[in-house]
Amino acid sequence: MLKFHQVHKAYTTPQGPLRVLDGVDMDLEKGQSLALMGESGSGKSTLLHLAAGLDLPDAGKITFQGISIATLDEPGRARLRRQSLGLVFQQFHLVPSLNASDNLRLQARLAGRENPSWTRHLVERLGLTGLERRYPEQLSGGQQQRLAIGRALAPRPALLLADEPTGNLDETSAKDVLTLMLELVQESGSALLLVTHSPQVAAPLDRCLKLTRGHLAEPTA
Amino acid sequence: MIVTAMRTLLSHYRRHPGQLLMLLLGLWVASALWSGVQAINASARDSYARAESLFTQNLDSLTRRDGAPLSRETYIELRRSGLEVSPLLEGEVESAEGVRLNILGIDPLTLPDDSGFASAGSGEALVAFMTPPYQTRLAPDTLKALGLARQDAANARPQLENGRRLPPLVLTPNLPPDTLLMDIAAASRLLETQGTFTRLVARPGEISDVPEALLLTPAATLVSPGQLTESFHLNLTALALLALVVGLFIVQAALGLALEQRLGMLRTLRALGVPGRTLVGLLALELLLLGGAGALLGIVSGVWLAQALLPDVAATLGSLYGAGVAAELSLPWHYWLGGLGVTLGGLFIAGTGVLWRAGRLSVLGLGQAQAWRAGFHRQLRTMSIAGALGGLMALGLWLWLTRLPAGEGLLAGFGLVTMLLLASALCLPPLLALMLAGLARLAKKRPLAQWALADLQLQLPRLALAMMALLIALSANLGVSSMVGGFRLTFLDWLDQRLAAELYLQPAPEYFEEINDWLLARPEVAETLPTSSAEATLLEALPANGSARTLTLAVSVFGITPGERLRAHWPLLNTLVGRDAAWAAITAGQALINEQLAIAQGIAPGDRLKLSSPTGPQTLQVVGVYPDYGNPRGEVALATSQLTKRFAAPPSSLGIVLHAGANTISVQNALVEHFGRREAATGVETLTDQQEVKRIATDIFERTFSITRALNALTLGVAALALLATLLAQSRERRRQLAPLWALGVTRSRLAGLQLSQLCGAALVTALLAVPLGIALTACLVSVINVAAFGWRLPLHLFPGEILLTVGVAVGVAALAALLPVLSLWRTPPRELLSQFEAT
Ligand SMILES: Nc1ncnc2c1ncn2[C@@H]1O[C@H](COP(=O)(O)OP(=O)(O)OP(=O)(O)O)[C@@H](O)[C@H]1O
Ligand SMILES: [Mg+2]
């Protein structure tokens with residue numbers, strides 16, 4: 001469903017070009033879950049941004065459901081994200097002026113696919129009952145994280161891209177949130193690409209790949 | 001998607017109603033002042049158009065030289081001799097409501113048919129107009145003066161103050177305000193004039209031989225009120241434009257802030273799949289909605305403002321130019337559209353920059369506020385370049401304008417002022433940034449001061465716009481107040497010049513000699529100063545060295561008595577060979593001209609003028625130029641004795657100069673005692689005290705500039721609001737920046753003090769910059785705009801007190817604007833500061 005073929009990406013820095021991705025190949029099947037590991041600064045977020053069409057590769061080809069992302073124009077890529085992807089960011093990126101309930105429904109509404117019973121189910125499962133009227137700044141870190149996951153899953157996307165969704169949480173809450181996310185992904189039938197640097201988090205997923213010096217490989221240990 | 005995205009964008013204002021308020025406030029103020037002034041202009045223009053459509057404007061007219069009414073016999077005689085003249089009877093009546101109304105009596109049968117008397121119509125309508133009970137034609141807005149509502153107007157016969165009733169009313173919209181038009185017979189009865197006329201009118205050029213006792217005023221010498229008042233309206237428009245610009249500065253600041261704080265939201269929305277173009281479109285739609293609301297609010301309050309100011313404006317225009325303006329608004333439909341258009345247009349100018357930047361940022365770049373602000377350095381450079389270019393353009397315009405003949409280049413003059421203001425405003429932020437950087441280097445040893453300076457540098461992108469608005473408002477305020485102050489001094493001088501004697505009198509012509517002799521015999525009277533006036537055509541100007549220029553310019557000729565008192569009070573700008581020689585030459589029969597004539601025709605002392613007169617062309621040498629406040633026309637001054645002889649104009653008024661310490665009242669009483677008891681009218685009832693005239697004139701002057709002052713003060717108020725709004729809108733964020741300092745052990749009161757001194761310092765610098773700019777502006781106003789608008793130069797006066805006050809006001813305004821956010825910081829409990837500290 002999501003394919004990377006010889007993808008290259010470099011950033012221009014004052015010290016010259018920084019080659020972050022240097023020929024990445026990857027293949028993610030429908031309904032499959034994949035953990036993407038790597039050290040800090042290795043390029044995991046960059047890869048995720050490319051997968052979401054937020055940025056374009058310098059060379060190589062990325063296809064989603066058989067369509068090359070590079071052939072889409074900006075509105076086309078926006079449409080792809082709106083209709084088929086769910087994104088969970090490292091820093092949540094909730095809308096501060098919307099309350100929890102509106103934040104949760106935001107993407108489903110944008111996609112025109114609001115499903116009240118599924119949304120209610122999500123609120124319940126994510127433990128957000130009673131917090132719907134609160135604004136993001138009035139929620140704890142873990143609550144905000146769960147809200148961000150809920151927002152991404154509400155339209156039942158074909159693919160969920162999550163960038164260290166548990167990075168800001170303590171170990172036990174991280175585990176809880178992760179378990180919950182995996183269950184919900186299963187329920188909604190989505191594929192999952194999860195960025196993490198923790199082997200424990202990666203363990204329950206179908207596959208695991210590691211990004212080192214611009215290349216993807218099976219983790220050694 | 002669109003609805004959800006729009007609702008999400010707008011949800012920002014639900015959480016930050018202050019920003020919404022600031023946006024609406026800016027739009028409201030900008031469009032209120034603008035549309036208020038436009039309402040006044042539109043209303044006045046409507047009045048002028050109606051006055052101009054009245055035939056009396058376009059006809060030559062004959063009056064008696066001595067000002068007495070014309071008899072029926074004179075009229076019949078002229079008609080018999082084949083002249084197609086038509087009689088007019090003009091007069092004033094007072095309505096029962098106490099309003100003075102002009103009566104205009106016409107004879108529709110003899111009135112030249114192409115003179116546009118469409119209102120009388122033909123056939124039956126004409127018969128109704130000309131036969132008892134006659135008709136009173138009037139514009140609907142005159143009804144109020146008669147205490148009538150529109151629906152009761154038709155055929156009503158309202159009673160006047162003197163008990164007489166008007167002929168039945170007929171509404172005729174294109175008549176000037178406060179004018180009642182009727183058949184000459186009906187007017188004669190109302191005014192009790194026993195069949196005399198005030199004027200005879202004829203088609204232009206019809207009358208060639210003017211009988212001895214009559215004076216011909218060609219239509220061409222009558223300047224239409226629209227032309228005369230153009231510069232006044234241009235001035236108002238310029239002030240309104242200033243307010244609009246200052247208002248738009250607020251809007252731009254508010255928009256920038258509202259967008260900057262929503263960058264994260266924009267990024268999230270784009271990441272969730274809303275295309276960038278859609279977002280920009282939605283932001284534009286948001287602008288449109290806000291603009292519509294602000295413009296509507298503004299136009300409504302603008303009309304209200306106009307209604308409040310119009311009586312003053314009408315009084316000003318009446319006293320300055322004799323132009324009648326209805327005291328009630330009448331607004332054409334395009335006024336409303338125009339107001340909306342200007343507000344929306346301004347909003348888009350203010351908004352496109354912001355939108356363009358938002359549209360250009362990439363999704364990933366959107367999240368970083370730094371990326372947004374990094375542009376500021378580049379902006380500073382662009383600003384300095386644009387400011388320097390603007391300055392150069394202003395210089396070029398100035399050079400070009402000094403070469404232009406007088407009376408031209410008014411628009412270019414305003415262009416110069418605008419350019420000057422914009423260029424300085426653009427240079428302000430780079431200058432502030434430079435100063436801050438320099439000061440920060442100096443303050444290395446004092447960490448808190450250094451922090452305060454660095455922090456101010458960080459705040460600069462947001463404060464810049466408000467500071468620019470403040471600079472513009474302050475310098476405009478300084479410029480206009482110095483100009484008005486200078487105007488005032490000049491005007492008082494002029495009053496002294498024209499009212500040199502203690503008492504003034506307009507004796508009846510047949511008693512003139514007797515009264516004059518009687519006065520000169522009184523011990524209190526030092527001298528009498530007879531004056532007279534006539535109309536003439538300037539036929540030729542003969543430069544001292546050069547060939548003669550043929551002209552046909554209507555000028556007024558004014559007779560003065562160069563006695564001791566008058567010589568002391570009558571200023572001369574420029575003479576041929578010194579003051580005393582000039583006065584001696586005047587007594588001997590030479591002439592002075594006013595500055596307007598000198599500038600407009602390029603006439604200098606030493607040149608000679610050939611003027612038409614009833615006794616044949618007269619050649620006079622110009623021996624000096626005098627300033628002449630507010631006179632739109634050229635004037636030639638001669639000794640009264642010469643005027644009487646050469647222009648056949650008898651003396652019309654008499655100034656009475658008393659010895660020092662003489663009792664004015666006793667002279668007045670003696671004069672009335674001696675002449676007031678005569679059967680015939682001697683004219684002593686016209687005796688007026690100079691003091692009284694000056695008081696009235698000064699009152700009128702104050703009224704003239706009350707609008708200018710009011711608009712000016714409003715602009716400064718708007719700038720203060722801009723500053724306050726900017727500070728309030730970011731106060732929450734400011735607290736977040738101050739929290740770490742508090743956590744490091746700086747007390748809250750210390751922090752509040754720091755904030756206050758930051759802003760007052762910035763305002764002080766701005767105000768100090770505004771001082772030279774204001775002076776430059778004054779120079780432009782008095783030596784460019786005034787010459788272009790009125791044809792005479794105003795001396796440059798500076799008022800240190802006023803300047804000091806303005807600087808004080810600026811700092812006060814900044815302190816006041818800073819106080820609210822500072823108070824809120826000072827009252828923030830430490831616990832909350834802590835939570836904000838953690839949020840960073
Ligand atoms: N806009 C940019 N311009 C220049 N360099 C960038 C930019 N974005 C990222 N980088 C650099 O690219 C490299 C990869 O960044 P990326 O964010 O993908 O790392 P990451 O693997 O997600 O790290 P982390 O685990 O810390 O989130 C880093 O060295 C980073 O400094
Ligand atoms: Mg990352």
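The preceding data block contains the structure.
Residues numbered from 1 in each chain as written. Chains lettered and ligands numbered in written order. Predicted model: local features only at pLDDT ≥ 70, side-chain atom pairs only at ≥ 80, totals over all residues. Heavy atoms only, no water.

1. Some details on the environment of Asp312(B)
Operational definition: Helix and strand definitions here come from DSSP, where helices need a minimum of 4 consecutive H or I residues and strands a minimum of 2 consecutive E residues; each element is numbered from the N-terminal end. Working definition: with a 1.4 Å probe on protein chains only, accessible area under 20% of the residue-type maximum means buried, over 50% means exposed, and in between means partly exposed.
Relative to the assigned elements, Asp312(B) resides in helix 9 (residues 276-321). Note on Asp312(B): relative accessible area 21%, which makes it partly exposed.

2. Describing the interface of chain A and chain B
In plain terms, the rule: Any two residues whose heavy atoms approach within 4.5 Å at even a single point are treated as in contact. Buried surface area refers to the total accessible area, computed with a probe of radius 1.4 Å, that the two partners give up upon joining, counted for both partners together. Here, a salt bridge means any side-chain nitrogen of Lys or Arg that lies within 4 Å of a carboxyl oxygen of Asp or Glu. By the criterion applied in these results, polar contacts are pairs of N or O atoms within 3.5 Å in which, for protein atoms, one can donate a hydrogen and the other can accept it, and in which residues neighboring in sequence qualify only through two side-chain atoms. Under the convention adopted here, Pro, Cys and the residues Ala, Val, Leu, Ile, Met, Phe, Trp and Tyr are nonpolar, Asp, Glu, Lys and Arg are charged, and Gly plus all remaining residues are polar.
With 23 residues of chain A at the interface, the matching set in chain B holds 23 residues. Between chain A and chain B, a total of about 2100 Å² is buried, with carbon and sulfur atoms accounting for 60% of that surface. Connecting chain A to chain B are two salt bridges. For the interface between chain A and chain B, the tally reads 10 residue pairs in polar contact (both at pLDDT 80 or more). Elements that contribute at least two residues to the side of chain A that touches chain B include exactly helix 2 (74-84) and helix 3 (100-111) of chain A. No other element matches the six residues that helix 2 of chain A contributes to the side of chain A that touches chain B. When the residues that make up the side of chain A that touches chain B are grouped by side-chain class, the tally is 11 nonpolar, four polar and eight charged.

3. So, the sheet that holds strand 4 (residues 59-64) of chain A
All names here are of chain A. Operational definition: Paired strands, in this sense, are two strands between which DSSP finds at least two bridges. Comment: axis = line fitted to C-alpha atoms, over the contacting stretch for helices; angle = value between 0 and 180 degrees taken between N-to-C directions.
Reading across the sheet, the four strands line up as 2-1-4-5 and stay open at both edges, with antiparallel pairing between neighbours. Single-partner strands in this sheet number two, and they are strand 2 (16-28) and strand 5 (67-68). One ladder, built from two bridges, connects strand 4 with strand 5; its direction is antiparallel. Bridged to Phe 64 within strand 5 is Ile 67. Against the sheet, helix 1 (residues 44-51) engages strand 1 (2-13), strand 2 and strand 4, with an angle of about 120° to strand 1.

4. Side note on helix 10 (residues 333-360) of chain B
To keep things clear, this is the line we draw: What a helix is expected to span follows from its residue count: subtract one and scale by 1.5 Å.
With 28 residues, helix 10 of chain B should cover 40 Å at 1.5 Å per step; its first-to-last C-alpha distance of 40 Å lies within 8% of that length. Taken together, the buried positions of helix 10 of chain B are Tyr335(B), Gly339(B), Thr343(B), Leu344(B), Gly346(B), Leu347(B), Ala350(B), Gly351(B), Val354(B), Leu355(B) and Ala358(B).

5. Brief notes about the nonpolar core
Keep this limit in mind: Among buried residues, those of type Ala, Val, Leu, Ile, Met, Phe, Trp, Tyr and Cys that are joined through side-chain atoms within 4.5 Å constitute a nonpolar core.
Counting 155 residues, the largest nonpolar core has Trp570(B) and Leu592(B) as the members making the most contacts within it. A per-element tally of this core places helix 14 (residues 447-498) of chain B first, with 24 residues. If we ignore the near neighbours within four places in the chain, the residues touching Trp570(B) are Gln497(B), Arg498(B), Phe558(B), Ile560(B), Arg579(B), Trp583(B), Leu592(B) and Tyr626(B). One finds Val123(A), Leu147(A), Leu184(A) and Leu205(A) within the second-largest nonpolar core, a separate group that totals 38 residues.

6. Regarding the pairing of strand 7 (residues 199-202) of chain B
Residues and elements named next belong to chain B. Of the two faces of strand 7, the one holding Arg 199 and Val 201 and the one holding Leu 200 and Ala 202 are both buried throughout. Of the strand pairs in this sheet, strand 1 (residues 60-64) and strand 7 are connected by three bridges, and their pairing is antiparallel. By the bridge assignment, Asp 60 is partnered in strand 7 with Ala 202. Where strand 2 (residues 86-94) meets strand 7, three bridges bridge the pair, whose relative direction is antiparallel. Across the sheet, Leu 88 pairs through a bridge with Arg 199, a residue of strand 7.

7. Here we look at the site of ligand 1
Residue and element names in this part refer to chain A. So the rule is basically this: The near set for a molecule or strand comprises every residue that places at least one heavy atom within 4 Å of it.
Among the 13 residues in the neighbourhood of ligand 1, the closest are listed as Ser 40, Gly 41, Lys 44, Ser 45 and Thr 46. Contact between ligand 1 and Ser 40: an oxygen atom at 2.6 Å from a side-chain N or O atom of the residue. Between Glu 164 and ligand 1, the recorded distance is 3.3 Å, taken from a side-chain N or O atom to an oxygen atom. In terms of residue count, helix 1 provides more of the shell around ligand 1 than any other element does, three residues in total. Partitioning the shell around ligand 1 into residue classes produces three nonpolar, seven polar and three charged.

8. Remarks on the environment of Thr561(B)
Examined against the element boundaries, Thr561(B) turns out to sit in the loop between strand 11 (549-560) and helix 16 (564-569). Within the structure, Thr561(B) has its side chain in polar contact with the backbone oxygen of Pro530(B) (distance 2.6 Å).

9. Structural notes on the packing of aromatic side chains
Residue and element names in this part refer to chain B. For the record, the criterion: Stacked, edge-to-face and tilted are the three classes for Phe, Tyr and Trp ring pairs, Trp counted by its six-membered ring, which pair at centre distances within 6.5 Å; planes under 30 degrees apart are stacked, over 60 edge-to-face, the rest tilted.
Per the stated rule, a full pass over the model turns up three aromatic pairs over all chains. Between Tyr 75 and Phe 197 the ring centres are 5.5 Å apart and the planes differ by 85°, which places this aromatic pair in the edge-to-face class. Placement of Tyr 75 in helix 3 (residues 72-80) and of Phe 197 in the loop between helix 5 (184-191) and strand 7 is noted, with a sequence separation of 122 residues between them. Here the two residues Tyr 75 and Phe 197 agree in accessibility, since each one is buried.

10. Here we look at the sheet that holds strand 8 (residues 191-195) of chain A
Residue and element names in this part refer to chain A. Across the sheet, which stays open at both edges, the six strands sit in the order 6-7-8-3-9-10 with mixed pairing between neighbours. The open sheet has two edge strands, strand 6 (85-88) and strand 10 (215-217), and neither has a second partner. The average undirected angle you get between the axes of adjacent strands in this sheet is 20°. Sheet topology places strand 6 next to strand 7 (residues 159-163); four bridges connect them, and they run parallel. Among the inter-strand pairings, Leu 85 is bridged to a residue of strand 7, identified as Leu 159. Against the sheet, helix 6 (residues 171-188) touches strand 7 and strand 8, its axis set at about 155° to strand 8.

11. A short note on the packing of helix 2 of chain A against helix 3 of chain A
Residue and element names in this part refer to chain A. Note the threshold: By the definition adopted for this analysis, an angle is roughly parallel if under 35 degrees, roughly antiparallel if over 145, roughly perpendicular if from 65 to 115, and oblique otherwise. Note on convention: near helix rotated counterclockwise from far helix by under a right angle means a left-handed crossing. Clockwise means right-handed.
Contact geometry of helix 2 with helix 3 gives a least axis separation of 8 Å together with a crossing angle of 120°. It follows from the interaxial angle that helix 2 and helix 3 lie oblique. In terms of crossing hand, the pair formed by helix 2 and helix 3 is left-handed. Facing helix 2, whose interface residues are Arg 81, Arg 82 and Gln 83, helix 3 presents Gln 107, Leu 110 and Ala 111. Considering only residue class, the contact of helix 2 with helix 3 consists of two nonpolar, two polar and two charged.

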